[in-house]
Amino acid sequence: MLPPPETTIVETTRVSCDGSGGIRGGSSYRAAALGHPRVFLEIDEHGYVDCGYCDRRFILKGGPADGADQSQLPDIASGASV
C-alpha cells in the first residue's frame, strides 16, 4: 500500500475538509476556488479517516493510528457526508 498523500493530526473526532487547506494564508486570505466541496468526516475506533475527495488523512492525536505506519493502514472514507 502507498501512504496517504497528506496527513493531519487533529484533536477532535469530527473534522471538515475542503481540499484547499494547503493554499491558504496571508492577510488578504479569501476562500480558494481550488479544492472540493466541504465534507464533514467522523473518526471512528480506528483513529483516522480519509477524505474521499483529496485522500487527506486525519489522524486523532493519541488515538490508535497516531504514530502507526500510515502506509500499512487501509483507506477509511466511509464516514464522509456532504
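Residues numbered from 1 in each chain as written. Predicted model: local features only at pLDDT ≥ 70, side-chain atom pairs only at ≥ 80, totals over all residues. Heavy atoms only, no water.

Trainee: Just checking my understanding: could you explain the pairing of strand E5 (residues 57–60) for this structure?
Mentor: Looking down a regular strand, the side chains alternate between one sheet face and the other. With burial as the criterion, each face of E5 is covered, one bearing Arg57 and Ile59 and the other bearing Phe58 and Leu60. Where strand E1 (residues 7–10) and E5 come together, four bridges link them in parallel fashion. If you follow Thr8 over to E5, its bridge partner there is Phe58. As paired strands, strand E4 (residues 48–50) and E5 are joined by three bridges and run antiparallel to one another. Directly across from Asp50, in E5, lies its bridge partner Arg57. Between E4 and E5, which pair antiparallel and follow one another directly, the connecting turn spans six residues, one of which, Asp55, has a positive phi of 70 degrees. (Buried < 20%, exposed > 50% of the residue type's maximum accessible area, 1.4 Å probe, protein only. Helix = DSSP H or I, 4+ residues; strand = E, 2+ residues; numbered from the N terminus. Pairing = 2+ DSSP bridges.)

Trainee: Help me understand the environment of Ser16 in this model?
Mentor: For Ser16, the position within the fold is in strand E2 (residues 14–17). Accessibility expressed as a relative area gives 36% for Ser16, which makes it partly exposed. Expressed as a C-alpha distance, the spacing of Ser16 and Cys51, which sit 35 residues apart in the sequence, is 8.9 Å. The contact partners of Ser16, leaving out residues within four places of it in the chain, are Arg38, Val39, Phe40 and Phe58. (Contact = heavy atoms within 4.5 Å.)

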